[in-house]
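Chain residues, written in single-letter form:
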Amino acid sequence: MKVSLTCVLLLISFFVFSQEKQLTSYIDVNYYRGNIAVHNTDILHLIKGHPEGVILSWNTKTYGLNDWEQRYNYPDYGVTFTSQNFKNDILGNSYSLYAHYNFYFLKRNLMFRIAQGLAYATHPYDKVENYRNYAFGSSFLSTTLIMLNYKKERIIDRFGLQAGFSLIHYSNANMKSPNASTNTLAFNVGVTYSLDDEIPEYITTLQGVKEKFTQPLKYNLVFRGGINESDVVGSGQFPFYIISAYADKRINIKSAFQFGTDVFFSNFLKELIYYKSVAFPEENVTGEEDYKRIGVFAGHELFINKTSLITQLGYYVYYPFDFEGRTYFRVGLKRYFTNKWFGALTLKTHGAKAEAVEFGIGVRL
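Residues numbered from 1 in each chain as written. Predicted model: local features only at pLDDT ≥ 70, side-chain atom pairs only at ≥ 80, totals over all residues. Heavy atoms only, no water.

(A) Structural detail: the overall build of the chain. Scanning the chain for helices and strands turns up three helices and 16 strands. In terms of C-alpha radius of gyration, the chain reaches 22 Å, essentially the compact-globule figure of 21 Å for 365 residues. Here the chain holds 365 residues, and the buried ones make up 47% of them. Considering only intrachain contacts with a sequence separation of at least 6, the fraction spanning at least 24 residues in the chain is 63%. When the accessible surface of the chain is split by element, carbon and sulfur atoms take 63% of a total near 17500 Å². Taken as two groups, the 37 positive and 32 negative side-chain charges of the chain have centres that lie 6 Å from each other. (Helix = DSSP H or I, 4+ residues; strand = E, 2+ residues; numbered from the N terminus. Rg over C-alpha atoms; globule rule 2.2 N^0.38 Å. Buried < 20%, exposed > 50% of the residue type's maximum accessible area, 1.4 Å probe, protein only. Contact = heavy atoms within 4.5 Å. Areas by Shrake-Rupley, 256 points an atom, 1.4 Å probe, with all protein chains shown as cover. Lys, Arg positive; Asp, Glu negative; His and termini not counted. Charge placed at Lys NZ, Arg CZ, Asp CG, Glu CD.)

Here it is as structure tokens:
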């Protein structure tokens, strides 16, 4: 478990910070306060107060030295630290570290931040001392932060202001049960401080240029793996393996569409099938059902420099055992090491229910 989480942190750092030389930087500090959304009735007893905390970020600005920076309106990238007091003795506090991108709209007054990282929960589930915490089955969690802020920099000297709304999601992606997870919806307000005197000019070499891009159909082969556990607390963690094959077609310099198939070898289902056959005879599970699944999917890949964002929607065509329905989703990051080889860090879910964090290596031919 600790090894896997260390790998997540290293991959996040590699995905985001294998960037070009920094130019100028700034920090922002935000206070937030909000509510835990009721996305699962299993956590109703945990919603008692208004969670609050601090969001502290260091950001590097881009100015268009590379073409991808101009295409995406000169985004920032950096690291974020958050602390959260859940106002609940069962949930306790959390401390998180993220890698993030900031994207800008409306003459750079509207900022959208997307961040992914790791969190430490001070009060995870314990069958004796904290058996009511169905949200967090482990101390270490994966976490996603989304911010939408109105922002004004350098209002007074190097100081600026920003305010808006944030969503903070905590989950261990079923690496360990229970894992009902939490989503905090909050209002945030904060200050920015520029660390540099000089402000470089934005480079606009692509302004007004219609970029032509053509590429033949490409074929991808990916091997993914990890560990996870069923929703039955104490049933044990098991390895899983996934083989994916798909074709993709670049429609422009930013986007590609995908279509392919997944073969899932999810060993936790072996234990769940046996458990269901013994504990719930009324469900008519014999214990002989196949734990393997085969799915087909369609997806999209958004290329940002050597990193890309993938989103996929799949459907199980071979589905011998009913687990969370036939439809599945995958979202995550790819990092190209060469023109052909890439690494992937993805999350597979069934709607709002996470099944696994997937670590993958693949080739694009």
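(B) Broad picture of the pairing of strand S8 (residues 182–194). The pairing of strand S1 (residues 25–36) with S8 spans eleven bridges and is classified as antiparallel. Across the sheet, Tyr26 pairs through a bridge with Ser194, a residue of S8. Here strand S7 (residues 159–171) pairs with S8 via twelve bridges, running antiparallel. Considered in S8, the bridge of Gly160 is made with Thr192. (Pairing = 2+ DSSP bridges.)

(C) Focus on the sheet that holds S7. Spatial ordering of the closed barrel is given by S1-S2-S3-S4-S5-S6-S7-S8, a layout of eight strands whose pairing is antiparallel. Between one strand and the next, the sheet's axes are offset by a mean angle of 25°, whatever the strand orientation. As defined by bridge partners, strand S3 (residues 76–85) adjoins strand S4 (residues 93–105) across ten bridges and the pair is classed as antiparallel. For Asn85, the partnering residue across the bridge sits in S4 and is Asn93. (Axes fitted to C-alpha atoms, helices over the stretch in contact; angles between N-to-C directions.)

(D) Structural detail: the packing of aromatic side chains. Counted under the stated rule, the structure contains 21 aromatic pairs. With centroids separated by 5.3 Å and ring planes inclined at 85°, the aromatic side chains of Phe264 and Tyr328 adopt a geometry described as edge-to-face. Here Tyr328 lies in strand S14 (residues 327–336) and Phe264 lies in strand S11 (residues 255–266), a separation of 64 residues in the sequence. Overall, the relative accessible area of 1% leaves Phe264 in the buried class. Judged by its relative accessible area of 1%, Tyr328 is buried. (Phe/Tyr/Trp six-rings, centres within 6.5 Å; stacked < 30°, edge-to-face > 60°.)

(E) Up close: the environment of Gly137. Structurally, Gly137 is set in the loop between strand S5 (110–121) and strand S6 (140–156). Each C-alpha atom of the pair Gly137 and Pro200 lies 47 Å from the other, and the pair is 63 residues apart in sequence. Those residues in contact with Gly137 that sit more than four places away from it in its chain are Tyr125, Asn172, Lys176, Ser177 and Pro178.

(F) The arrangement of the environment of Gly234 in detail. Along the chain, Gly234 turns up in the loop between strand S9 (218–228) and strand S10 (238–250). A residue is classified by how much of its surface remains accessible, and Gly234, at 66% relative accessible area, is exposed. Residues Gly234 and Lys176, 58 residues apart in the sequence, show an inter-C-alpha distance of 8.5 Å.

(G) Focus on the nonpolar core. If you look at the biggest cluster of nonpolar residues, it comprises 21 residues, and the most contacted ones within it are Leu91, Phe136, Leu145 and Tyr170. Counting only elements with at least two residues in this core, the list comes to S1, S5, S6 and S7. Setting aside anything within four residues of it in sequence, one finds Phe136 in contact with Phe86, Leu91, Ala121, Pro124, Tyr125, Leu141, Tyr170, Pro178, Ser181 and Thr182. Judged by nonpolar contacts, the second largest core, of 14 residues, contains Val222, Ile242, Phe264 and Phe342. (Core = buried A, V, L, I, M, F, W, Y, C linked by side-chain atoms within 4.5 Å.)

(H) Quick peek at the sheet that holds S14. The antiparallel closed barrel is built from eight strands, whose spatial order is S9-S10-S11-S12-S13-S14-S15-S16. Direction aside, neighbouring strands of the sheet carry axes that sit 25° apart on average. Running at roughly 50° to S11, helix H3 (residues 268–279) makes contact with S9, S10, S11, strand S12 (292–304) and strand S16 (353–364) of the sheet.

(I) Representation of the confidence of the model for the chain in the model. Overall, the predicted model of the chain reaches an average pLDDT of 91, with 94% of residues at or above 70. In this model, residues 1–6 is a region of pLDDT below 50 whose contacts with residues beyond four sequence positions or in other chains number nine contacts. The low-confidence segment residues 12–21, where pLDDT is below 50, has 32 contacts with residues more than four positions distant or belonging to other chains. (pLDDT = per-residue confidence, 0-100.)

(J) Quick look at the pattern of salt bridges. Inspection of every chain in the model, using the stated rule, returns 16 salt bridges. Arg158 is the partner of Asp197 in a salt bridge, and the nearest nitrogen-oxygen pair spans 2.2 Å. Of this pair, Asp197 sits in the loop between S8 and S9 while Arg158 sits in the loop between S6 and S7; the two residues are 39 residues apart in sequence, bridging distant segments of the chain. When the shortest N-O distance is used, the salt bridge between Asp248 and Arg364 registers 2.8 Å. With Asp248 in strand S10 and Arg364 in strand S16, this residue pair connects regions lying 116 residues apart in the sequence. The exposure class assigned to Asp248 is buried, which follows from its relative accessible area of 0%. The class for Arg364 is buried, based on a relative accessible area of 7%. Each of the salt bridges in this network shares a partner with another, and the network as a whole consists of Arg33, Glu52 and Lys87. (Salt bridge = Lys/Arg side-chain N within 4 Å of Asp/Glu carboxyl O.)

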